[in-house]
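# Remarks on the overall topology
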Amino acid sequence: MARMSAEERRESVIRAAMIEFARGGYNGTSTEVIAKRVGVSQPYLFRLFPGKQAIFLAASGRCCQEVTGVFKEASKGLEGEGALHAMGEAYQALIADDPDMLLMQMQMYVAVASAEAAGDREFGEALRAGWMEMYDTVRLALGPDLGDTTQFLAYGMLVNVLVSMGFQPDHRVWTGFYESAQPKK
């Protein structure tokens, strides 16, 4: 078996961190559990990343990149309502296929709010930058009306909350959503 390069190992850490942080949050996840999931020692982990915060930021950045990539791919060649429905369906498929992706997003919001409540605004800057790339991707696909972008992302945040809370696809709470924003039954 060939040895992994440092970059491949770094990638493994980011993937493992996404899973562990998604499930345990920033404060509830130790670097030890991430190292164990990857199969490396904690000292090796800290050769790849300077600390837990750097690991969390890398995992969060990857999460934002992946969601943004889903929106870009789904809206390719489309605009307006066609792009809206394609992105909505692609996002529902993403969080259905990879529930940790949804949980990681929720943990990102909690971690930023917690850090800022403690006076650390810098922590959220990188995460806001990733989120703004997502925003700009949606805006580009939906066109110049900022209301369309805001509404799409507002629906998305509500979808995140409802799915996180375990509302099943046939629950009446989904009735007011346009079809592409509803989870598949």
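Residues numbered from 1 in each chain as written. Predicted model: local features only at pLDDT ≥ 70, side-chain atom pairs only at ≥ 80, totals over all residues. Heavy atoms only, no water.

Moving on, we get to a nonpolar patch on the surface. A contiguous nonpolar patch, built from L158, V161 and M165 and spanning about 270 Å² of accessible area, is present on the exposed surface. Tracing the sequence through the fold places V161 in helix α8 (residues 146-164). Residue class for V161 comes out partly exposed when judged on its relative accessible area of 35%. (Patch = residues over 30% accessible without salt bridge, like charges linked within 9 Å, V, L, I, M, F, W, Y side chains within 5 Å. Areas by Shrake-Rupley, 256 points an atom, 1.4 Å probe, with all protein chains shown as cover. Salt bridge = Lys/Arg side-chain N within 4 Å of Asp/Glu carboxyl O. Helix = DSSP H or I, 4+ residues; strand = E, 2+ residues; numbered from the N terminus. Buried < 20%, exposed > 50% of the residue type's maximum accessible area, 1.4 Å probe, protein only.)

Further remarks concern the packing of aromatic side chains. All told, the structure shown has eleven aromatic pairs when counted by the stated rule. With 6.1 Å between their ring centres and 25° between their planes, F21 and Y26 make a pair best called stacked. Geometrically, the ring pair formed by F71 and F152 is edge-to-face, given 5.5 Å between the ring centres and 75° between the ring planes. Of this pair, F71 sits in helix α4 (residues 52-75) while F152 sits in helix α8, placing them 81 residues apart in sequence. Taking the relative accessible area as the measure of exposure, F71 reaches 3% and is therefore buried. Given a relative accessible area of 6%, F152 falls into the buried group. Taken together, the aromatic side chains of F21, Y26, F56 and F123 make up a single cluster linked through ring pairs. Seen from the ring of Y26, K52 lies directly overhead, with NZ or CZ sitting 4.8 Å from the centre. (Phe/Tyr/Trp six-rings, centres within 6.5 Å; stacked < 30°, edge-to-face > 60°. Lys NZ or Arg CZ within 6 Å of the ring centre and 35° of its normal.)

Of note, V13 is situated in helix α1 (residues 6-28). On a C-alpha basis, the gap between V13 and A86 in space is 31 Å, while along the polypeptide they are 73 residues apart. Sequence-distant contacts of V13, defined by excluding residues within four places in its chain, comprise I34, V38, L45, L48, F49 and I55. (Contact = heavy atoms within 4.5 Å.)

This paragraph deals with the pattern of salt bridges. Under the counting rule described, the total for this entry stands at eleven salt bridges. A salt bridge links R23 to D100, with the shortest nitrogen-to-oxygen separation between them at 2.9 Å. With R23 in helix α1 and D100 in helix α6 (residues 99-117), the pair connects residues that are 77 residues apart, well separated along the chain. D100 gets classed as buried once you look at its relative accessible area, which sits at 14%. A network of salt bridges, in which partner residues are shared, links E11, R15, R62 and E66.

Glancing now at the side chain of T29. With respect to the secondary-structure elements, T29 resides in the loop between α1 and α2 (31-38). Since its relative accessible area comes to 3%, T29 is described here as buried. Within the local environment of T29, its side chain forms a polar contact with the backbone oxygen of E20, the two atoms lying 3.1 Å apart. Setting aside anything within four residues of it in sequence, one finds T29 in contact with E20, F21, G24, I34 and K52. (Polar contact = N/O pair within 3.5 Å; in protein donor to acceptor, adjacent residues only side chain to side chain.)

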